[in-house]
Amino acid sequence: KNEVEQSPQNLTAQEGEFITINCSYSVGISALHWLQQHPGGGIVSLFMLSSGKKKHGRLIATINIQEKHSSLHITASHPRDSAVYICAVSSYGNKLVFGAGTILRVKS
Amino acid sequence: NAGVTQTPKFRILKIGQSMTLQCTQDMNHNYMYWYRQDPGMGLKLIYYSVGAGITDKGEVPNGYNVSRSTTEDFPLRLELAAPSQTSVYFCASSYSTERPNEKLFFGSGTQLSVL
């Protein structure tokens, strides 16, 4: 079992839908990161969380440390949100363990 | 700021050849990382560095070497390329992965094929 599990692996949504991507982890962590990888391959950091909730534009990230679970929500989804969303956890020593990613496709 | 600059973007190697993937950052970050990304898999850490002169192995270091002579540069060396090293390689840097609001910055990636 991987230390970081994401679900779903693939997600197709219609433009405007509310989207949720989940991340569960099995190790103690000091921080959790959400990353976005576009079809061109570039990876961008979206959020870093150690507790609670963060919001940036239409993106919301939450984390429940006790349940070892985080969610990334996208409100009013748009085709330009189509990308791979990656969860990563920092457990110790500033090293990250990555999930396999969720492939999101938003259709217009 | 240029951020993290990674070269080359694409490379094809023959089995047994060697090459160096270059990575440089201009953000004065302490931490630098090399990852590889295989289809359907999460990024795997090859090597990382917590500062100039200090490097350590990650999950998949075999077949690779690194050096960190300056804060800015963190090259990755493949000495005897093997088909198993066909992958997309990413360099990344951060001040810290644990400080609040710190982010990771990634290079644009290197698509490497070993034939």
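Residues numbered from 1 in each chain as written. Chains lettered and ligands numbered in written order. Predicted model: local features only at pLDDT ≥ 70, side-chain atom pairs only at ≥ 80, totals over all residues. Heavy atoms only, no water.

**Q** Teacher, can you tell me more about the state of the cysteines here?
**A** Throughout this description, disulfide means a covalent bond between two cysteine sulfur atoms. What the rule picks out here adds up to two disulfides over all chains. Between the sulfur of Cys 23 of chain A and that of Cys 87 of chain A lies a disulfide, 1.9 Å long from S to S. Residues Cys 23 of chain A and Cys 87 of chain A share a disulfide whose torsion about the S-S bond is about -65°; that sign makes it left-handed. In this pair, Cys 23 of chain A is assigned in strand E3 (residues 19–25) and Cys 87 of chain A in strand E9 (residues 83–92), connecting sequence segments 64 residues apart. Judged by its relative accessible area of 0%, Cys 23 of chain A is buried. In this model, Cys 23 of chain B is linked to Cys 91 of chain B through a disulfide, with the two sulfur atoms separated by 1.8 Å. Taking the sign of the torsion about the S-S bond as the criterion, the disulfide between Cys 23 of chain B and Cys 91 of chain B, at about -70°, is left-handed. On the criterion of sequence distance, the pair formed by Cys 23 of chain B in strand E3 (residues 19–25) and Cys 91 of chain B in strand E9 (residues 87–94) is long-range, its members being 68 residues apart. The class of Cys 23 of chain B is buried, set by a relative accessible area of 2%. (Disulfide = S-S within 2.5 Å. Helix = DSSP H or I, 4+ residues; strand = E, 2+ residues; numbered from the N terminus. Buried < 20%, exposed > 50% of the residue type's maximum accessible area, 1.4 Å probe, protein only.)

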